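Single-letter residue listing:
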Amino acid sequence: MRIVGIVLILIGLPLIGWFGYVELYYLGEVESGFEEQRIKSEEAIISKIKETKDKFNTMKVKPKKKVKLTKEKKLHKWMHNSMI
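Trainee: Would you take a moment to explain the packing of aromatic side chains for this structure?
Mentor: To describe a pair of aromatic rings, one takes the distance between the centres and the angle between the planes. Enumeration according to the criterion identifies 2 aromatic pairs in this entry. Taking 5.6 Å as the distance between ring centres and 35 degrees as the angle between the ring planes, the aromatic pair formed by Trp18 and Tyr21 counts as tilted. With Trp18 and Tyr21 both in helix α1 (residues 2-61) and 3 residues apart, this pair spans about one turn of that helix. Where Tyr21 meets Tyr25, the ring centres are 5.8 Å apart and the plane angle is 35 degrees; that geometry is what we call tilted. Of this pair, Tyr21 and Tyr25 are both found in helix α1, 4 residues apart, which corresponds to roughly one turn of the helix. We classify Tyr21 as partly exposed; its relative accessible area is 42%. Three or more aromatic residues link up through ring pairs in this structure, and these residues are Trp18, Tyr21 and Tyr25.

Rules used throughout
Residues numbered from 1 in each chain as written. Predicted model: local features only at pLDDT ≥ 70, side-chain atom pairs only at ≥ 80, totals over all residues. Heavy atoms only, no water. Phe/Tyr/Trp six-rings, centres within 6.5 Å; stacked < 30°, edge-to-face > 60°. Helix = DSSP H or I, 4+ residues; strand = E, 2+ residues; numbered from the N terminus. Buried < 20%, exposed > 50% of the residue type's maximum accessible area, 1.4 Å probe, protein only.

What follows is the structure, given as structure tokens:
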């Protein structure tokens, strides 16, 4: 029974040390990498939103030009066609 206890302690101590290292150092580096990716993706989303707003504003400013004939132009065109 003593041998089993000693073996468990000998296996357990390095495992505790390893888990502590992973928790304190490695996970912090991984989390900072995720934070950088999150910031980059937010910037990309914001730039796409701004681009879409700019496109919308340019479309809003430049509406399609429709040729509208006034009554005088229609009358002139009708008279010209009837004379021919």
